[in-house]
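Chains, contacts and geometry: an overview
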Amino acid sequence: MAEVLKMEHIVKKYANCTALDDVSMSVEEGETVAIIGPSGSGKSTLLRCVNCLTRITSGSITLNGQTFVTTGPDGKAKYLPDGQLRKITRETGMVFQHFNLFPHMTCLRNITYAPIKVKGVPKENAVQRGEELLKMVGLPDKRDQYPGMLSGGQKQRIAIARGLAMDPSIMLFDEPTSALDPEITGEVLAVMKNLAKQHVTMVVVTHEMGFAKEVASRVIFMNNSRIIEEGTPDEIFNHPKSDRLKAFLSAMIGGGD
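A few points on the structure. Computed from a prediction, not measured in an experiment: that's the story for all the values here.

1. As for the packing of aromatic side chains
Within a pair of aromatic rings, the relevant descriptors are the distance that separates the centres and the angle that separates the planes. Applying the stated criterion to the full structure yields three aromatic pairs. Look at phenylalanine 68 and tyrosine 79: their rings are 6.3 Å apart centre to centre, the planes differ by 35°, and that puts the pair in the tilted class. Highlighted residues: phenylalanine 68 in strand β5 (residues 66-71) and tyrosine 79 in strand β6 (residues 77-79), separated in sequence by eleven residues. Under the relative-accessibility criterion, phenylalanine 68 is labelled buried at 1%. Judged by its relative accessible area of 17%, tyrosine 79 falls in the buried class. Summarising the aromatic geometry, the rings of phenylalanine 221 and phenylalanine 248 are spaced 5.2 Å apart at their centres and angled 40° between planes, so their arrangement reads as tilted. Taken together, the positions of phenylalanine 221 in strand β10 (residues 218-223) and phenylalanine 248 in helix α9 (residues 243-253) put the pair 27 residues apart, joining distant regions of the chain. An identical accessibility class is assigned to phenylalanine 221 and phenylalanine 248; each is buried. Lysine 12 extends its terminal NZ or CZ atom over the ring of tyrosine 14, reaching a point 4.8 Å from the ring centre. Across the ring face of tyrosine 79, the terminal group of arginine 55 is positioned such that the distance to the ring centre comes to 4.5 Å.

2. Regarding a positive patch on the surface
On the surface, Arg86, Lys87, Arg90 and Lys119 cluster together into a positively charged patch. Residue arginine 90 is classed as partly exposed on the basis of its relative accessible area, which comes to 31%.

3. Quick look at the packing of helix α3 (residues 107-117) against helix α5 (residues 152-164)
α5 packs onto α3 with a crossing angle of 25° between their chain directions and a minimal axis gap of 8 Å. On the basis of their axis angle, the class for α3 and α5 is roughly parallel. Read as a crossing pair, α3 and α5 show a hand that is right-handed. Of α5, the residues touching α3 (which contributes Cys107, Asn110 and Ile111) are Ile158, Ala161 and Arg162. Residues of the contact of α3 with α5, tallied by class, amount to four nonpolar, one polar and one charged.

4. Details of the pattern of salt bridges
The full count for this structure, using the stated rule, is eleven salt bridges. Between lysine 6 and glutamate 8 there is a salt bridge, with its nearest N and O atoms 3.9 Å apart. Note on glutamate 8: relative accessible area 33%, which makes it partly exposed. Of the charged contacts, one joins glutamate 132 and arginine 129 as a salt bridge, the two residues approaching to 3.7 Å between their closest N and O atoms. Placement of the pair is glutamate 132 and arginine 129 together in helix α4 (residues 123-136), with a separation of three residues, close to one helical turn. Classification of glutamate 132 by relative accessible area gives partly exposed; the value is 42%. Classification of arginine 129 by relative accessible area gives partly exposed; the value is 29%.

5. Side note on the sheet that holds strand β2 (residues 17-28)
With respect to topology, five strands assemble into an open sheet ordered β2-β1-β4-β5-β6, the strand pairing being antiparallel. Single-partner strands in this sheet number two, and they are β2 and β6. Sheet twist, expressed as the mean angle between neighbouring strand axes with direction ignored, is 15°. The pairing of strand β1 (residues 3-14) with strand β4 (residues 58-63) spans five bridges and is classified as antiparallel. Paired with lysine 6 across the bridge in β4 is threonine 62. Where helix α2 (residues 82-89) meets the sheet, it contacts β4, β5 and β6, and its direction lies at approximately 125° from that of β5.

Thresholds applied
Every chain's residues receive numbers from 1 upward, in the order its sequence appears when written. The model is predicted, so local features are restricted to residues of pLDDT at least 70 and side-chain atom pairs to those at 80 or more, both for listing and for counting; the totals for chains, interfaces and linings are taken over all residues. Hydrogens and waters are ignored; side-chain quantities use all the structure's heavy atoms. Any two rings among Phe, Tyr and Trp, with Trp reduced to its six-membered ring, count as a pair given centres within 6.5 Å; such a pair is stacked if its planes are under 30 degrees apart, edge-to-face if over 60, and tilted if neither. By the criteria applied, helices consist of DSSP H or I runs no shorter than four residues and strands consist of E runs no shorter than two, each listed in order from the N terminus. Partly exposed describes any residue whose relative accessible area lies between the buried limit of under 20% and the exposed limit of over 50%, with all areas from a 1.4 Å probe on protein chains only and scaled to the type maximum. By definition, being over a ring means that NZ of Lys or CZ of Arg is both within 6 Å of the ring centre and within 35 degrees of the ring normal. Any residue with relative accessible area above 30% and no salt bridge may belong to a patch, with like charges joined within 9 Å and the nonpolar Val, Leu, Ile, Met, Phe, Trp and Tyr side chains within 5 Å. Computed with the Shrake-Rupley method and a 1.4 Å probe, the accessible areas treat only the protein chains shown as cover for residues. Salt bridge, as used here: a side-chain nitrogen of Lys or Arg that lies within 4 Å of a carboxyl oxygen of Asp or Glu. Neither His nor the chain termini are counted; the positive set is Lys and Arg, and the negative set is Asp and Glu. To locate a charge, take NZ of a lysine, CZ of an arginine, CG of an aspartate or CD of a glutamate. Orientation is described by lines fitted to C-alpha atoms, with helices fitted over the stretch in contact, and by angles between N-to-C directions that extend from 0 to 180 degrees. Each angle is binned into one of four classes, with values under 35 degrees roughly parallel, values over 145 roughly antiparallel, values of 65 to 115 roughly perpendicular, and all other values oblique. Note on convention: the crossing is left-handed when the near helix lies turned anticlockwise from the far helix by less than a right angle, right-handed when the turn is clockwise. Here a residue-residue contact requires only that any non-hydrogen atoms of the pair lie within 4.5 Å. Each residue receives one of three labels: charged for Asp, Glu, Lys and Arg, nonpolar for Ala, Val, Leu, Ile, Met, Phe, Trp, Tyr, Cys and Pro, and polar for the others, Gly being one of them. Any two strands with at least two DSSP bridges between them are considered paired.

Pasting the structure below:
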């Protein structure tokens, strides 16, 4: 399998704290990698480093064989020029916790805007693809509605369709269900399960242990800005090695969060 993403020795420091402390991970084509761990462990920061929403302090990141940030002799991260960066990070699709849809655009326009504007896809092709994606996420009838008319779960499904519209080589999900009511979480997870079955390459930061257990090909457990353990769902959930992971799983499965 081709390696889509490689992150090596990632450090991210803020003025008074270290958000990521020597974190390395890779993702192969077709994999679904779930990142779990307590709040504040660095999960979302790690995800945001992939598409440069957060810039690292040191380390290196390679996407589709193109290394876009390395560490210079001074020990600081050195990024490619912005134009090249934008081109490389277009290969990522991002789904946020709070949807981030354009409120003044219809659902279809939300989905087609970036392919037309950024990739130069002809409008009729973008519309056709947008309608296919609306069907895929189960919302073909919401084509001409605005985000304000949708439930949270519907907004998130539109956000997933929007991410897929750019035909990215990797989809990044940052706690995509944490802002949703429990009863509509299932409709978003169902779409993501379907993507996993289609071997869409995904990295999912999640607190949904059932999803990680059932759908992920690999699970990474983070704590205190580091990766503590990684393995198959069976290894992580049924045979955890570290006391910290055992305690986390016991709290999550016992109803704590």
